[in-house]
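# Structure at a glance
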Amino acid sequence: MYTLHYSPDTASLAIRMVLAELGVPHKSRQIDRAAGELDSPAYRALHPMGKIPAIETPDGPMFETAAILLYLCDRHDALVPAAKSPERAAFLKWLFFTSTNIHPTLMQLFYPERTAGAAHAEAVLAHASAHMHSLLVLLNDMVTADAPKFLSIEPSLLGYYIGMLMRWMGSVPPDSPAYFPSRNYPALHRILAALETRPAALAIAEDEGLGATVFTNPQI
């Protein structure tokens, strides 16, 4: 049994959708952020940095979104290429491309002061915005050229992860440096449009009050 500690529309979103897609028994426990739970000793024992998400597993507590997703999908042999599959190497490089490039660059767009202080926030935003576009073009071009099963209209770990990230980038005002709607990246948009119709995605989106077009036309 897993226990996911989550908060609506945070990095726990992809994990909730993947757990629903896998159909495995689990508990989802909403964190009381207003009461300071993220800083409590009990939560810090699960996630030493006091961030979201954290999950209790039969093998001990885990944190880091990509690590949790990969652990769950490998453990249940679904939504990812098998360890000895010819697609495994390509899947891993694009998963880590997403977790070490797209995800942190998005954090720079949303919290530029964390990178270099408030005095340099505008410079961080300008650099991160240009960099994000180049990253999304690379990913979109890869899908267009290679059409991998691990990032396609079929449900997948990487699809849910990218869907969550692009949800946030499509939910800000159009004049924001962080605005990157999925429709500007056609290959990715097709994937997300299919993925958001999945029963798993719809169920979690409804539970968190995120609307039916959770990835392609985010409602905040």
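Structure first, text after, so check above.
First things first, this report covers the structure right here in the doc. Remember, predicted model here, so these are calculated numbers, not experimental data.

## Notes on the nonpolar core
Of all hydrophobic cores here, the largest spans 67 residues; its most connected members are Leu72, Ile102, Leu139 and Leu151. Secondary-structure elements contributing two or more residues to this core are strand E1 (2–6), helix H1 (12–22), helix H3 (65–75), helix H4 (88–110), helix H6 (121–146), helix H7 (157–169), helix H8 (186–195) and helix H9 (199–207). Sort the elements by how many residues they give to this core and H7 lands first, with ten residues. Core analysis: the next-biggest nonpolar cluster, separate from the first, contains six residues, Leu38, Tyr43, Leu46 and Ile52 among them.

## A closer look at H7
End to end, H7 covers 19 Å across 13 residues, agreeing with the expected 18 Å (1.5 Å per residue, within 8%). Of all 13 residues making up H7, 13 are buried, and the element is well covered by its neighbours.

## Here's the deal with the pattern of salt bridges
What the rule picks out here adds up to eight salt bridges. Residues Asp9 and Arg167 are paired through a salt bridge, measuring 2.9 Å at the closest nitrogen-oxygen approach. One end of the pair, Asp9, is in the loop between E1 and H1; the other, Arg167, is in helix H7, with 158 residues separating them in the sequence. Under the relative-accessibility criterion, Asp9 is labelled partly exposed at 22%. Taking the relative accessible area as the measure of exposure, Arg167 reaches 0% and is therefore buried.

## A word on the pairing of strand E4 (residues 60–63)
Strand residues, when the strand is regular, have side chains that alternate between the two faces of the sheet. For strand E3 (residues 54–57) and E4, the ladder comprises four bridges, and the chain directions are antiparallel. Across the sheet, residue Ala54 finds its bridge partner in E4, namely Phe63. Where E3 folds back on E4, the antiparallel hairpin that results is connected by two residues.

## Some words on the pairing of E3
Relative to E3, E1 runs antiparallel, the two sharing three bridges. Paired with His5 across the bridge in E3 is Ala54.

## Focus on H6
For H6, which comprises 26 residues, the first-to-last C-alpha distance of 37 Å matches the rise-based estimate of 38 Å (1.5 Å per residue) to within 8%. Residues of H6 that are buried: Ala121, Val124, Leu125, Ala128, Ser129, Met132, Leu135, Leu136, Leu139, Asn140, Met142 and Val143. Residues of H6 that are buried in the fold lie against H4, helix H5 (113–116), H7 and H8.

Reading the values: rules and limits
Residues numbered from 1 in each chain as written. Predicted model: local features only at pLDDT ≥ 70, side-chain atom pairs only at ≥ 80, totals over all residues. Heavy atoms only, no water. Core = buried A, V, L, I, M, F, W, Y, C linked by side-chain atoms within 4.5 Å. Buried < 20%, exposed > 50% of the residue type's maximum accessible area, 1.4 Å probe, protein only. Helix = DSSP H or I, 4+ residues; strand = E, 2+ residues; numbered from the N terminus. Expected span 1.5 Å × (residues − 1). Salt bridge = Lys/Arg side-chain N within 4 Å of Asp/Glu carboxyl O. Pairing = 2+ DSSP bridges. Contact = heavy atoms within 4.5 Å.

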